[in-house]
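Take a look at the letters that make up each chain.
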Amino acid sequence: MAGRINDDDVKVVRDAVPIDTVVSEYLQLRPAGGGNMKGLCPFHDEKSPSFQVSPSKGLFHCFGCQEGGDTIAFVMKIDHLSFSETVERLAAKAGITLRYEEGGYNPTHQRGERIRLVEAHKAAADFYVEQLGGEEAAIGRKFLAERGFDQSAAEHFGVGYSPAGWDHLTRFLRGKGFSDKELLLAGLSQDGRRGPIDRFRGRLMWPIRDISGEVVGFGARKLRDDDNGPKYLNTPDTAIYKKSQVLYGVDLAKKDIAKASRAVVVEGYTDVMACHLAGITTAIATCGTAFGTDHIKILRRLLMDNGSARVIFTFDGDAAGQKAALRAFEDDQKFAAETYIAIAPDGMDPCELRLNKGDAAVQDLVEPRTPLFEFAIRQIVSRYDLETPAGRASALDEAGPIVARIKNGASQHEVAVQLAGILGILDTQFVVKRVAQMARWARDRGGRGPAGPASSASSSAASSSSSASSYASGQSPALSGPALNLRSPAHRTERELLKLALQRPELVSPAFDAYGVDEFTAPPYAAVRRAVEDAGGAEQGMASAPEYLAGVREAAPNDAVRALVTELAVEVFHGKTIDESYAGEQLVRVRLRAVDLRIHDVTSTLARLGTGADHERHQAVQNELWVLQQYRQSLRNSGAAAL
């Protein structure tokens, strides 16, 4: 039986690898005061950074989803590794040789599946690179040269060649100690008539690395006419490779993306190479799939969603490229960054542009040209005859809802004015008002209208007579028991925040979805919070109000909670002006209350431990208390900006 890792070695690894260095491989960190760093949490979606790292203490903690721990815990969580796999990976990075107890160490049996698959891909990448220099690979070298890539360029990006035979790589990796099962799981081999054969044969090979720089897959380009496969063949989804969750070139681009607050999204491997060689080192590409939500999550963590961040798409000018741009636009509002589209003259991609017109032309291409909103609008409007009143009206009816989706009020107004100009409608204010009306309809669709004062009063009375325990237990409400104290500032604020989440989710999303159920101290309100979570979160309400509220009601555990959801969905707000500022106040008050309660609990724990407690346990509790106190101060000083 293979042994476990020596405890002293685990401690050495934990101390040797700085937590901020490891975390920075996955997201951008910025100073948060007191020597701490902050960033957008990689474990849940959020708009404002609630994820903090303390380099001096070697700890991380997210105040949104409550994930926390040391360097080992972070890597285990983000890369789905076992404890031993994580320690082995970090030890390899730090150049530390590990000792194993209880029977010695057998590398083949001890290493976890993910580590083995990554090692197989690294060995395969080295094998392919070596093959590129051989006689058979002359066709591959010619392909690269014709596109302006020399040997140094191929080496920089790790481009290689897969031999045309049936099982060259398979036999090579077997010789390295990898089993057939591991090669099949890795997607490097596939079942043949007489056993495993190479998946990639006679192709130019691009290694696809994850954000930490490890090879997790390959992209293979067809070179010969007798190859009946697709033009590009990618690694299938495996335990370490999901095409919707990787971006080609992100390992090379991540530092410059964070530094420049700019990312350039291109369509292929050669386009990434062309951009980087032309000095656009923030270029990345998807791997055989459309740019989607998971890709946005990766970029958001690098861009930190600051106001000056830019994402530039360089799709081809053909119909397929335009379709891809419109698809990207569908997810545009998930960015806080400004999004643009750049289309090269004559419809050339960056690789062709560099080859024909040089590096300067590529640099000019990615300077922001057309906002993605404007591009999408023009594509829609182009289908109508704007010379006729009916054509302009129809174009407004289709393009208006697009503009109405813009969450920022000032930006929505500005784009509405632009839309009026594009349509040729002289009455600009008519278009602005029409778009604002569409935005209201999108939010209020399916609503029954605001509740009057009498409704609000009766709802308060109904709430105060309901049993709090019935909401939490899922039983029918009793006529007596612990009642909601609507005079309590905490309960009033929690109620107001839930009303915002149900009626005006755009004002509290996505911050609200990061709030835990335990942050709502009244059991009935905690039950409603849980129902919102089970229905997919408040952010769902920004797309379709009726379906969202129906989903929340359906997720309610019983009729009592279902009735409270309805009640909160129609009850009038206490504030005079219901805007982002008002919503931010409610978010901060609820979070502050939760932090204060947690500080009280931790302080009590610290007092109970006393001076004779285990040192590590005592230190951990002190660390948590310190982090909580820092966060409380940040909330008080910065308000919603600290969420």
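Here's a quick rundown of the structure. Owing to the predicted nature of the structure, the values given are computational and were not obtained by experimental measurement.

Quick look at the sheet that holds strand β6 (residues 160-162) now. Across the sheet, which stays open at both edges, the four strands sit in the order β6-β9-β10-β11 with antiparallel pairing between neighbours. Only two strands of the sheet have a single neighbouring strand rather than two, namely β6 and β11 (232-234). Taking the axes of each pair of neighbouring strands and ignoring which way they run, one obtains an average angle of 35° across the sheet.

In this section: the pattern of salt bridges. Scanning the model with the defined rule gives 26 salt bridges in all. Linking glutamate 25 and lysine 93 is a salt bridge whose minimum nitrogen-to-oxygen distance equals 2.8 Å. Here glutamate 25, found in the loop between α2 (19-23) and β1 (30-33), pairs with lysine 93, found in helix α4 (residues 83-94); they are 68 residues apart in sequence, far enough to count as distant. Between lysine 297 and aspartate 294 there is a salt bridge, with the nearest N and O atoms lying 3.9 Å from each other. Pair noted here: lysine 297 and aspartate 294 are both in helix α13 (residues 293-303), with a separation of three residues, about one helical turn. Residue class for lysine 297 comes out partly exposed when judged on its relative accessible area of 29%. Given a relative accessible area of 26%, aspartate 294 falls into the partly exposed group. Linked by salt bridges that have partners in common, Arg116, Glu119 and Glu182 make up one network.

Turning to the sheet that holds strand β2 (residues 36-39), a few remarks are in order. Judged by pairing direction, the sheet is antiparallel, and its five strands sit side by side in the order β1-β2-β3-β4-β5 without closing on themselves. A strand with exactly one partner marks an edge of an open sheet, and here the two such strands are β1 and β5 (68-69). Pairing between β2 and strand β3 (residues 51-54): three bridges, direction antiparallel. When the sheet's bridge partners are listed, glycine 39 is paired in β3 with phenylalanine 51.

Reading guide: rules and limits
Residues numbered from 1 in each chain as written. Predicted model: local features only at pLDDT ≥ 70, side-chain atom pairs only at ≥ 80, totals over all residues. Heavy atoms only, no water. Pairing = 2+ DSSP bridges. Helix = DSSP H or I, 4+ residues; strand = E, 2+ residues; numbered from the N terminus. Axes fitted to C-alpha atoms, helices over the stretch in contact; angles between N-to-C directions. Salt bridge = Lys/Arg side-chain N within 4 Å of Asp/Glu carboxyl O. Buried < 20%, exposed > 50% of the residue type's maximum accessible area, 1.4 Å probe, protein only.

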